Amino acid sequence: MKEQTIQLNLSPERKPKPQSEELGFGKIFTDHMFIMDYTEGQGWHDPRIVPYQPISLDPACMIFHYGQTVFEGLKAYLTEDNRVLLFRPQKNFERLNRSNERLCIPPVDEEFALEALKQLISVEKDWIPNAEGTSLYIRPFIISTEPFLGVAPSSRYKFMIILSPVGAYYKEGIHPVKILVESEFVRAVAGGTGEAKTAGNYASSLKAQEIADGKGYTQVLWLDGLEKKYIEEVGSMNVFFKINGEIVTPALNGSILEGVTRNSVIELLKSWDLPVTERRLAMEEIREAYKSGQLEEAFGTGTAAVISPIGELLWNDEKMIINEGTTGPIAKKLYSTITGIQNGKEQDPFNWTVEVEQYAATK
Ligand SMILES: *Cc1c(COP(=O)(O)O)cnc(C)c1O
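Since the structure is predicted, the reported quantities are computational estimates derived from the model, not experimental observations.

Asks: Would you mind showing me how to read the pattern of salt bridges here?
Replies: Close approach of charged atoms allows side chains with opposite charge to pair. According to the stated counting rule, one finds 18 salt bridges in the structure shown. Notably, a salt bridge pairs Arg48 with Asp37, separated by 2.9 Å at the nearest N-O pair. Pair noted here: Arg48 is in strand E3 (residues 43–51) and Asp37 is in strand E2 (residues 32–39), with a separation of 11 residues, a long-range link. On the basis of relative accessibility, which here comes to 22%, the residue Arg48 falls in the partly exposed class. Residue Asp37 is classed as buried on the basis of its relative accessible area, which comes to 13%. For the salt bridge of Glu285 with Arg279, the shortest nitrogen-to-oxygen distance reads 2.8 Å. Look at Glu285 and you get partly exposed, because its relative accessible area is 27%. Assessed through its relative accessible area of 22%, Arg279 is described here as partly exposed. Among the charged side chains, a network of salt bridges with common partners joins Glu284, Arg287, Lys291 and Glu318.

Following this line, the structure appears as structure tokens:
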């Protein structure tokens, strides 16, 4: 697999680049994409970088009927001295293969996938926006393409990587959001697919999100699927609480998606000698801490927003205002440190960033 060369078919036409104010999230796509195919008996083959374009699929393709698909999300950043950095991309391809394993999709060669991503980004370097807080969002994904209506693993797949320049998540610095604790719907249960980044998890989350939105809340906080007592995630982010000096995040339990940002936050807090614990965390404990004045901070973590402070939680009829609805010091320090490492302004003591060299053939 690794020896395969990636065919380059560059587009004769280039789209105009957007202004940084027009970016938003995930609406604009670059001039090229990466694609390779899988055929049973042959493995992954025909890796290529081609002009960004629609793909044609048989309506019977299994992806449309049973949702056998996985995806990833990461970002590339342009530094002030014009270098391109990826943040811990190996972790995303490791996780892609863990998702593949759960969905019966054949694994990809992680090193080759990273190499393909680097070549694609090298072609699209001019698309990486340079305004403060902007980046190039990277969406690798795999779909099942065998035309067959039987429920079984597909014998054919497509692995693709598309790129989207994205704007600053917070226009005026990070600000806290209001979160509704979800008591009816659940996101995942242990034994299900919560640990995998697979489409169905997000399709099934829309209903609760829509209801929360209608009540003026930004996201829902998901509780465990069995007892609806224990905290799992917030929206599609992992979640942390600071309770009486201890920073707590729910332990991975088979239904929580293991975030790269979550892992980075834990490593950073440890390196700052702050007490951080991964354990089971009941919503009732949060309420008790709130009542006794010991709930000091709460924030979500994920690639899109990096750190998203929580200013308010609504649980049934009980409203909890956290840190007077403002961003706490831990959330602030984590945000500035992680974004600083990502855009090359801060030291990178853990060697988390990976530089993308310019490939001669892609200039
Ligand atoms: C992607 C995702 C996260 C965050 O993962 P990162 O690697 O930090 O971006 C958390 N929860 C869910 C459900 C996710 O899909």
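The rest of the description comes next.
Asks: What is the right way to read the environment of Glu227 from this model?
Replies: By the element assignment, Glu227 lies in the loop between strand E10 (219–223) and strand E11 (231–234). On a C-alpha basis, the gap between Glu227 and Leu120 in space is 45 Å, while along the polypeptide they are 107 residues apart.

Asks: Just checking my understanding: could you explain the UniProt feature "modified residue: N6-(pyridoxal phosphate)lysine" (unreviewed entry) in the chain for this structure?
Replies: This chain's UniProt record puts "modified residue: N6-(pyridoxal phosphate)lysine" (unreviewed entry) on Lys197. Position of Lys197 relative to the elements: it lies in the loop between strand E9 (177–181) and helix H4 (199–203). Residue classification places Lys197 among the buried residues on the basis of a relative accessible area of 14%.

Asks: Looking at this structure, I do not really get the side chain of Ser135. What am I missing?
Replies: Within the fold, Ser135 resides in strand E7 (residues 135–144). Taking relative accessible area as the criterion, Ser135 reaches 0% and is therefore assigned buried. In this structure Ser135 touches Lys75, Ala76, Tyr77, Pro129, Ser164, Pro165 and Val166, once residues within four positions along its chain are discounted.

Asks: Hey, could you run me through the state of the cysteines in this one?
Replies: Such a bond, covalent and formed between the sulfur atoms of two cysteines, is termed a disulfide. Tallying each qualifying case throughout the model produces 0 disulfides. Looking at the unpaired Cys61, the closest cysteine sulfur is the one in Cys104, lying at 18 Å. According to the relative accessible area criterion, Cys61 is buried, its value standing at 2%.

Asks: It is not clear to me how a nonpolar patch on the surface should be interpreted in this structure. Could you clarify?
Replies: Taken together, the side chains of Tyr66, Leu149 and Val151 define a hydrophobic patch exposed on the protein surface, amounting to about 340 Å² of accessible area. Take Leu149: it is sitting in the loop between E7 and strand E8 (156–166).

Reading guide: rules and limits
Residues numbered from 1 in each chain as written. Predicted model: local features only at pLDDT ≥ 70, side-chain atom pairs only at ≥ 80, totals over all residues. Heavy atoms only, no water. Salt bridge = Lys/Arg side-chain N within 4 Å of Asp/Glu carboxyl O. Helix = DSSP H or I, 4+ residues; strand = E, 2+ residues; numbered from the N terminus. Buried < 20%, exposed > 50% of the residue type's maximum accessible area, 1.4 Å probe, protein only. UniProt positions renumbered as here; feature names shortened; annotations may be inferred. Contact = heavy atoms within 4.5 Å. Disulfide = S-S within 2.5 Å. Patch = residues over 30% accessible without salt bridge, like charges linked within 9 Å, V, L, I, M, F, W, Y side chains within 5 Å. Areas by Shrake-Rupley, 256 points an atom, 1.4 Å probe, with all protein chains shown as cover.

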